[in-house]
Amino acid sequence: MSNYALRKAKDKIMRSLAYMALAIALIPLVSILLETAIRGASAINIDFIVERIPPLGQPGGGIGPAIQGTIIVVGIASLIGVPIGVFSGIYLAEFRETKLASTARFLSDALSNMPSIVVGIFSWALIVTVIGWSVIAGAIALSIMMIPVVTRTTEEAIKLVPGTIREAALALGVPRWKTTLTVVLSGARKGIITGILLAIARISGETAPLLLTVLGSRFWFSGFTDPTAALPLSIFNFSQSPYSGVDWPKAWGASMILIFMILGINIMVRYVMRDKYG
Amino acid sequence: MANQVRISRFLSSISLKLKTIFSEKLSGDIIFKIITAFVVCNVFVILGLMVFEIGGSSWLSIETYGLRFLWGTTWQPVPPDPSASPSFGALPLIWGTLVTSGIALLLGVPVSLGIALALSEYAPKRFTYFVSFLVELLAAIPSVVYGLWGIFVLIPFLQNHVYPPLQSVLGFLPMFQGTIRGPSVLTGGIVLAVMIIPTVSAISRDVFAAVPRSQREAISALGATKWETSKVVISYGRSGVIGAIILGLGRAVGETMAITMVIGNSFNMFSSVFDPGYTLASIVANEFTEASSPPVYISALAEVGLVLLLLALVINIFARLIIWRATRIAAGAEMI
């Protein structure tokens, strides 16, 4: 075989290896989605979504309180996390050269990669040791995971706003802060909403921090300082049950609903953003 | 007299400055800057409080066990002998974390690099958009769902179709000997490998995309094949790829729920990858809510969290520095 043919062959092999890597990565994705759809579908019906959670091993019932709990905890976390994240992002984008900005950016990245269980222990030490297992403690843990994500996506979105738009406003005599809060923010609206939605999708599936803060429960929401149920916790609890026939399908059903929520947000974001970057 | 003039001039200059600061236009900007700067400081408060609070919770354990905690190999909240005091050592947890993360890197990194190359060098643009979305979806799936899939789909498959042939081929190595168990260190490593693929491949792809066109064009002009061009791209983006791998390591080390569900949760210095084990993160998730007494038990778990916190900070800062340097060098070359 000539040297050239050998090089050609090597090129072909490497190309097919690269595509094979792609295929290998998609196998788990397809498998997870398919298995969840198939095994979850048999468990899901209207009752499953609205009924209360039965004790392990008892057939029937649903995961209503878990859906409610997830919505409440994620909602409060967003109420805390979104304003803080957006304002931090504005600072990082508007005063990007300052020492404070570069340090905060660096630490923000470190915080966004903090293991979720560590955030859980933190919220436990800060809140649970004072007021007990509670919705508040869970919401604070999730908001800590949300803030760095929203901060960095807001910053990136603002940076994408063309300088000419800002200059046009400034030339009309609008003060800088007003320019930022009205003209620039509305230009970056799409990017910021994307960031917020992706952050919400990310925290909705978090389990470990909730385990250490809201603890889990079988009952409907009863107060902000009480434990609550949550979808990821229900999946975990059902999966650990010894009653295979009764509880395991419920775990799949709950995870189908969770995946549906999270992938729904992801696909929606893709669709909304497509005309801008596609 | 001269003094008085100087003082009055000084005072009027100050009042002029104050007037400028508080004049309508400027004051808004300054207040805006102060408010946003105040908000952005949240990250210092959070990280500071985090170290302080977790450090505070683990103080009892630090005081009791000192550095022995890091290389002790017993974990007995309630010792069998009632007169003995509880003892905690984290070495098997560190061992479990190291081995599972090592397996994850060994399996996950080649696949991730293949994906990054396929997306940045080989695949057509239209295809790239869709496929990178699919790979990102892999990152969107919650950890607990990975765990569920691991228990009910992956473990039966591996136990029946993969582990027995693997043992018959590699069984001469000590780490592949012993009884085959589904929930084991190897299963944990495989699940982690899948979970780090999105992180490592996305960052590597960005690093490859940042390699200047001139580099590719220069080598193609010499008649290089696509793979030979890719080799140049890889070696150009080397340090960025290393950064991506370290970030993947950070993700593997901190991953909690999925690994708790598939690793078998057993505290021991395992010698075979088919043995069940424990990691730093999984012991906290598994035992924290039940660790009511003795008080030093929960403190020891908090100290495990402290070790994880410090480990994550070090890994992250290290990776960021490498990636930052790599992209800065690439950007500099683009300008030339």
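One structure accompanies this document, and this report is about it. (Residues numbered from 1 in each chain as written. Chains lettered and ligands numbered in written order. Predicted model: local features only at pLDDT ≥ 70, side-chain atom pairs only at ≥ 80, totals over all residues. Heavy atoms only, no water.)

**Quick word on unusual backbone geometry**
- At A:Leu215, a residue that is not glycine, the phi angle is positive and equals roughly 70 degrees.
- The phi torsion at B:Asn265 lies on the positive side, around 45 degrees, for a residue other than glycine.
- The residue B:Asn265 is located in the loop between α13 (257–262) and α14 (280–287) in this model.
- With a relative accessible area of 22%, B:Asn265 lands in the partly exposed category. (Helix = DSSP H or I, 4+ residues; strand = E, 2+ residues; numbered from the N terminus. Buried < 20%, exposed > 50% of the residue type's maximum accessible area, 1.4 Å probe, protein only.)

**With respect to the nonpolar core**
- Judged by nonpolar contacts, the single largest core of 165 residues is most densely connected at A:Ile63, A:Met114, A:Ile117, B:Met50, B:Trp75 and B:Tyr146.
- With 16 residues, helix α15 (residues 295–335) of chain B is the largest single contributor of residues to this core.
- Counting residues in hydrophobic clusters, the runner-up holds 19 residues, among them B:Ala118, B:Val135, B:Ile197 and B:Trp227. (Core = buried A, V, L, I, M, F, W, Y, C linked by side-chain atoms within 4.5 Å.)

**A short note on the interface of chain A and chain B**
- Facing 80 residues of chain A, the contacting portion of chain B comprises 77 residues.
- Between chain A and chain B, roughly 7,300 Å² of surface is buried when both sides are summed, and carbon and sulfur atoms account for 81% of that area.
- One salt bridge in this structure joins A:Asp109 and B:Arg320, with 3.9 Å as the shortest N-O distance.
- Across the chain A-chain B interface, the total number found is nine residue pairs in polar contact (both at pLDDT 80 or more).
- Of the residues in the side of chain A that touches chain B, the class split is 54 nonpolar, 16 polar and 10 charged. (Contact = heavy atoms within 4.5 Å. Buried area = accessible area lost by both parts, 1.4 Å probe. Salt bridge = Lys/Arg side-chain N within 4 Å of Asp/Glu carboxyl O. Polar contact = N/O pair within 3.5 Å; in protein donor to acceptor, adjacent residues only side chain to side chain. Nonpolar A, V, L, I, M, F, W, Y, C, P; charged D, E, K, R; others polar.)

**A closer look at the packing of aromatic side chains**
- Taken as a whole, this structure holds 12 aromatic pairs over all chains when the rule is applied.
- With centroids separated by 4.8 Å and ring planes inclined at 90 degrees, the aromatic side chains of A:Trp124 and B:Phe288 adopt a geometry described as edge-to-face. Pair noted here: A:Trp124 is in helix α5 (residues 116–131) and B:Phe288 is in the loop between α14 and α15, and the two residues belong to different chains.
- For A:Trp124, a relative accessible area of 10% corresponds to the buried category.
- The class for B:Phe288 is buried, based on a relative accessible area of 1%.
- For the ring pair A:Trp252 and B:Phe152, a centre distance of 6.3 Å and an interplane angle of 55 degrees mean the geometry is tilted. Separated into two different chains, A:Trp252 in helix α12 (residues 244–277) and B:Phe152 in helix α8 (residues 143–170) make up a pair that spans both.
- A relative accessible area of 11% means that B:Phe152 is categorised as buried.
- Put simply, the rings of B:Tyr65, B:Trp75, B:Phe88, B:Phe267 and B:Tyr297 touch in pairs and so form one group of aromatic residues.
- Just above the ring of B:Tyr129 sits the side chain of A:Arg270; from NZ or CZ to the centre is 5.0 Å. (Phe/Tyr/Trp six-rings, centres within 6.5 Å; stacked < 30°, edge-to-face > 60°. Lys NZ or Arg CZ within 6 Å of the ring centre and 35° of its normal.)

**Describing helix α1 (residues 3–41) of chain A**
- If you check α1(A), its first and last C-alpha atoms are 56 Å apart, about what 39 residues at 1.5 Å a residue would give, namely 57 Å.
- Of the positions making up α1(A), those classed as buried are A:Asp11, A:Ala18, A:Ala21, A:Leu22, A:Ala25, A:Leu26, A:Pro28, A:Leu29, A:Ser31, A:Ile32, A:Thr36 and A:Gly40. (Expected span 1.5 Å × (residues − 1).)

**What about the pattern of salt bridges?**
- For the coordinates displayed, the defined rule picks out 16 salt bridges over all chains.
- With a shortest N-O distance of 3.0 Å, A:Glu94 and A:Arg166 are connected by a salt bridge. One end of the pair, A:Glu94, is in helix α3 (residues 64–94); the other, A:Arg166, is in helix α7 (residues 163–171), with 72 residues separating them in the sequence.
- For A:Arg166, a relative accessible area of 18% gives the class buried.
- The closest approach of N and O atoms between A:Arg152 and A:Glu156, which form a salt bridge, is 3.7 Å. Of this pair, A:Arg152 and A:Glu156 both sit in helix α6 (residues 135–160), separated by four residues, roughly a single helical turn.
- On the basis of relative accessibility, which here comes to 19%, the residue A:Arg152 falls in the buried class.
- Here A:Glu156 falls in the partly exposed class, since its relative accessible area comes to 37%.
- Residues participating in the shared-partner salt-bridge network are A:Arg105, A:Asp109, A:Arg152, A:Glu155, A:Glu156, A:Lys159 and B:Arg320.

**Remarks on the side chain of B:Glu255**
All names here are of chain B.
- For glutamate 255, the location among the structural elements is in the loop between α12 (238–254) and α13.
- The side chain of glutamate 255 is buried and forms no salt bridge, while arginine 251, the nearest opposite charge, is found at 4.5 Å.
- Of the polar contacts made by the side chain of glutamate 255, one reaches the side chain of serine 143; its length is 2.4 Å.
- The contacts of glutamate 255, once residues within four sequence positions are left out, are Ser143, Leu192, Met195 and Ala281. (Lys, Arg positive; Asp, Glu negative; His and termini not counted.)

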